[in-house]
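Given next are the chains, with one letter for each unit.
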Amino acid sequence: MIHPTIRRVVRRIRQLAKRAGHWRLRWVLTNFDAQHQGVEYAYETITRHRAYAPWANDKDFFAVYKIARLHTLVGVERCYELWDLIHNLSSLKGAVIEVGVWRGGTGAILASALARTRPTETIYLCDTFRGVPKAGRHDSLYRGGEHSDTSIAHVSGLLKSLSVSNAVLVEGVLPDQTGSQIPPGPISLCHIDVDVYESARDIVAWVDDRVPPGGILVFDDYGFSSCVGVTRLVNEIRETGRWFSIYNLNGHAVLIKRPPDPG
Ligand SMILES: C[S@@+](CC[C@H](N)C(=O)[O-])C[C@H]1O[C@@H](n2cnc3c(N)ncnc32)[C@H](O)[C@@H]1O
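To start, this report covers the structure provided alongside it. (Residues numbered from 1 in each chain as written. Predicted model: local features only at pLDDT ≥ 70, side-chain atom pairs only at ≥ 80, totals over all residues.)

**Observations regarding the site of the ligand**
Here is step 1: The environment of the ligand is made up of 22 residues, and the closest members are Thr72, Gly100, Trp102, Thr106 and Val194.
Here is step 2: Of all the secondary structure elements, the ones that give two or more residues to the shell around the ligand are helix 5 (105–117) and strand 2 (123–127).
Here is step 3: Here the residues of the shell around the ligand sort into eleven nonpolar, eight polar and three charged. (Near = placed C-beta within 6 Å. Helix = DSSP H or I, 4+ residues; strand = E, 2+ residues; numbered from the N terminus. Nonpolar A, V, L, I, M, F, W, Y, C, P; charged D, E, K, R; others polar.)

This is the structure we're talking about:
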């Protein structure tokens, strides 16, 4: 471990290097900082620039988002990606699951998109509604119990206000307490927004066999330094080679199930 003052100086130089556009120096210092803190994953502030924003003139999305945004921690670019992925999956059969609902914002967006594209399909919105369980040694910020400031009634109210009727709310730890409440059958998309390693690992182990080729796992927390356990888990899954993986700079990791090996 290096002295905190040296670390502060390195950070300051890194900020100045960023401002001045010295990318090489910035990367060298980020790497130095990460290595001397003994962390495995480096994080940087990604420069924001003017970028294509398809959500800005998508009236159908906006009609949902303008309400859902008051009930979510997730930024518009990731909310729009969930909306868009459901539209892209319209020909794949299978339920949708969200684990990590909190006050229901992203769940409402997924449910609304699903109702438009596959009206007979169900979305299961799973949460303890008592805060994050299973925080452990792989997690950087979470200690357990965060995000308990919600309730089933709150989420039901949100869904009702959007006239969404295809969602089933499932209360308890998934899969340990509630896995058996989800009827058997394929799962076309699972949105995992649970913040910590063990919880995400157990959900993936439970859902894996039920995701058909072309089905998708979306990890909300992959890109965030507050959720380093999820970064670790997704990198472990990527190493198995069983999923196509898309690293999105909006923070998401998107994994798409590969077809079985013909050999
Ligand atoms: C960051 S919040 C979800 C945010 C939400 N998607 C949004 O739109 O803002 C994380 C949630 O995951 C839930 N959670 C974590 N692990 C879980 C598990 N194994 N089963 C059920 N809920 C879980 C916590 O209770 C918490 O409400």
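Next comes the rest of the description.
**Regarding the environment of Leu92**
Here is step 1: Mapped onto the secondary structure, Leu92 falls in the loop between helix 4 (76–88) and strand 1 (95–99).
Here is step 2: Its 17 C-beta neighbours within 10 Å are what place Leu92 among the partly exposed residues.
Here is step 3: In this view, Leu92 contacts Ser188, Pro212, Gly214 and Gly215; residues no more than four positions away in its chain are not counted. (Buried ≥ 20, exposed ≤ 12 C-beta atoms within 10 Å, placed from the backbone. Contact = placed C-beta atoms within 7 Å.)

**Notes on the pairing of strand 2**
Here is step 1: Most of strand 2 is tucked away, with five of its five residues classed as buried.
Here is step 2: Judged from the four bridges that link them, strand 1 and strand 2 form a sheet pairing that is parallel. In the sheet register, Glu98 faces strand 2, and the bridge partner there is Leu125.
Here is step 3: Each parallel crossover has a hand, and for strand 1 linked through helix 5 to strand 2 it is right-handed. (Pairing = 2+ DSSP bridges. Right-handed = clockwise from strand over helix to strand, strands pointing away.)

**Here's the deal with the pairing of strand 7 (residues 253–257)**
Here is step 1: Bridge analysis of strand 5 (residues 216–219) against strand 7 gives four bridges, and the strand direction is antiparallel. Residue pairing for strand 7: Leu217 is matched across the bridge by Leu255.
Here is step 2: Note: strand 6 (residues 243–247) against strand 7, five bridges, orientation antiparallel. Bridge pairing links Trp243 to Lys257 in strand 7.
Here is step 3: The hairpin formed by strand 6 and strand 7 contains five residues between the paired strands, and Gly251 there has a positive phi angle of roughly 115°.

**Topic: the packing of helix 4 against helix 5**
Here is step 1: Where helix 4 contacts helix 5, the two axes come as close as 9 Å, and the packing angle between them is 25°. Overall, the two elements helix 4 and helix 5 adopt an arrangement that is roughly parallel. Read as a crossing pair, helix 4 and helix 5 show a hand that is right-handed. Listed contacts from helix 5 to Cys79, Leu82, Trp83, Ile86 and His87 of helix 4 are Thr106, Ile109, Leu110, Ala113, Leu114 and Thr117.
Here is step 2: Partitioned by chemical class, the residues of the contact of helix 4 with helix 5 number eight nonpolar, three polar and no charged. (Axes fitted to C-alpha atoms, helices over the stretch in contact; angles between N-to-C directions. Parallel < 35°, antiparallel > 145°, perpendicular 65-115°, else oblique. Left-handed = near helix turned anticlockwise from the far one by under 90°.)

**Let's talk about the nonpolar core**
Here is step 1: The biggest cluster of nonpolar side chains holds 66 residues, and the ones touching the most others in it are Ile97, Ile109 and Ala200.
Here is step 2: Of all the elements, helix 5 adds the most residues to this core, at seven residues.
Here is step 3: In this structure, Ala200 is in contact with Ile192, Val194, Phe219, Val230 and Leu233, ignoring residues within four places of it in sequence. (Core = buried A, V, L, I, M, F, W, Y, C linked by C-beta atoms within 7 Å.)

**Comments concerning unusual backbone geometry**
Here is step 1: Pro175 follows Leu174 through a cis peptide bond whose omega is 0°.
Here is step 2: Structurally, Pro175 can be placed in the loop between strand 3 (167–171) and strand 4 (187–192).
Here is step 3: If you check the backbone angles, Ser163 has positive phi at about 55° while not being a glycine.
Here is step 4: Secondary-structure assignment places Ser163 in the loop between helix 6 (152–161) and strand 3.
Here is step 5: For Ser163, a count of 8 C-beta atoms within 10 Å translates into the label exposed.

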